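# Notes for the structure review
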Amino acid sequence: MPVGLIIALVVIAVIVFALIGLYNGIVKAANRVDNAWQTIDTQLQRRNDLIPNLVSTVKGYASHEKEVLEAVTQARAAVSAAPTPEAKMEANNQLTGALRQLFAVAEAYPDLKANTNFQQLQTDLTDTENKISYARQSYNDCVLMYNNKITTFPGNMVAGFGGFVRKEGFVAEEAARTAPKVEF
């Protein structure tokens, strides 16, 4: 076999293995993004499971705060019904705002704030919110790594052939960054 043919075959083999390596790296990054989203989703579900007990406890003390309680209930339902990660992120932002309003309302009821059940639910919810925050950061890190792989050379060429598209990271809405205004 001529030396030129052997060199050509070796070069082709190296290129093929490099492309396979790039493709597999992109697939692994996409899988990390999906896994990170599942972690967020698990924590969102935990929070959704805590909310009915919280609303029920608050309702016993502040039943005339119907608008706030309904907003929390509707926002919770929207998170559960959201079909895509993007829709779930948006619904989650609305729920976070509704919960802030609920806790702001609770400040006006000393008996409610002293209730052991309410305090435990608030602690559990705060713990879950912290886990969600950490999971969001992890998700955003995974999305960044994935997007870097599919937009930089030569990964962008492999991504184009493989049908990989950019993913959106979690971005808190402006309303979630501001404290709710509650008037009595």
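For the structure given in this document, a descriptive report is provided here. Keep in mind it's a predicted model, so treat the numbers as computed, not measured.

When its secondary structure is counted, the chain shows six helices and zero strands. N-terminal to C-terminal, the α/β element order of the chain is α-α-α-α-α-α. Expected size for 184 residues packed as a compact globule is a radius of gyration near 16 Å; at 24 Å, the chain overshoots this value by more than 25%. Its C-alpha atoms give the chain principal-axis dimensions of about 90 × 25 × 25 Å. The 184 residues of the chain split such that 33% are buried.

Moving on to unusual backbone geometry. Along the chain, F153 connects to P154 via a cis peptide bond; the corresponding omega equals 0°. In this structure, P154 sits in the loop between α5 (116-151) and α6 (155-162).

Packing of helix α1 (residues 3-61) against α6 brings their axes to within 9 Å, and their N-to-C directions diverge by 70°. As the angle between them shows, α1 and α6 are arranged roughly perpendicular. Contact with α1, carried on its side by L19, L22, Y23 and I26, involves G155, V158, A159 and G162 of α6 and no other residues of that element.

Ranked by size, the top nonpolar core spans 24 residues in total, and within it L54, V58, V72, L95, L99, L102 and F118 carry the most contacts. Only α1, α2 (66-81), α3 (85-106) and α5 provide two or more residues apiece to this core. If one sorts the elements of this core by residue count, α3 sits on top with eight residues. In this view, L95 contacts R47, N48, I51, V72, A75, R76 and V79; residues no more than four positions away in its chain are not counted. W37, L44, Y139 and V143 belong to the second-largest nonpolar core, a separate cluster that totals 20 residues.

What follows is about a nonpolar patch on the surface. Taken together, the side chains of M1, L5, I6, L9, V10 and V14 make up a nonpolar region of the molecular surface, amounting to roughly 580 Å² of accessible area. Looking at where L5 falls in the secondary structure, it is placed in helix α1.

All right, on to the environment of F161 then. Residue position: F161 is located in helix α6. For F161 and E70, which are 91 residues apart along the polypeptide, the C-alpha to C-alpha distance reads 48 Å.

A word on α1. Compared with the 87 Å implied by 1.5 Å per residue over 59 residues, the 87 Å span of α1 between its first and last C-alpha is a close match. The sharpest bend along α1 measures roughly 25° and falls at I51, with the proline P52 sitting one to four residues further on.

For any pair of aromatic rings, the description rests on two quantities: the centre-to-centre distance and the angle between the ring planes. Counted under the stated rule, the structure contains three aromatic pairs. If you follow K167 out to its NZ or CZ, it ends over the ring of Y146, 5.6 Å from the centre.

With that settled, consider the packing of α3 against α5. Relative orientation and spacing of two packed helices are given, respectively, by the angle between their axes and the distance between those axes. The N-to-C vectors of α3 and α5 enclose an angle of 150°; their axes lie 13 Å apart at closest approach. The pairing of α3 with α5 is recorded here as roughly antiparallel in orientation. Like other packed secondary-structure pairs, α3 and α5 cross with a definite hand, here left-handed. Residues M89, N92, T96, L99, F103 and A106 of α3 form the contact with α5, whose own contacting residues are F118, Q122, L125, E129, R136 and Y139. Across the contact of α3 with α5, the residue classes break down as seven nonpolar, three polar and two charged.

The rules behind the values
Residues numbered from 1 in each chain as written. Predicted model: local features only at pLDDT ≥ 70, side-chain atom pairs only at ≥ 80, totals over all residues. Heavy atoms only, no water. Helix = DSSP H or I, 4+ residues; strand = E, 2+ residues; numbered from the N terminus. Rg over C-alpha atoms; globule rule 2.2 N^0.38 Å. Buried < 20%, exposed > 50% of the residue type's maximum accessible area, 1.4 Å probe, protein only. Axes fitted to C-alpha atoms, helices over the stretch in contact; angles between N-to-C directions. Parallel < 35°, antiparallel > 145°, perpendicular 65-115°, else oblique. Contact = heavy atoms within 4.5 Å. Core = buried A, V, L, I, M, F, W, Y, C linked by side-chain atoms within 4.5 Å. Patch = residues over 30% accessible without salt bridge, like charges linked within 9 Å, V, L, I, M, F, W, Y side chains within 5 Å. Areas by Shrake-Rupley, 256 points an atom, 1.4 Å probe, with all protein chains shown as cover. Salt bridge = Lys/Arg side-chain N within 4 Å of Asp/Glu carboxyl O. Expected span 1.5 Å × (residues − 1). Bend = angle between axes of the 7 residues up to and from the residue. Phe/Tyr/Trp six-rings, centres within 6.5 Å; stacked < 30°, edge-to-face > 60°. Lys NZ or Arg CZ within 6 Å of the ring centre and 35° of its normal. Left-handed = near helix turned anticlockwise from the far one by under 90°. Nonpolar A, V, L, I, M, F, W, Y, C, P; charged D, E, K, R; others polar.

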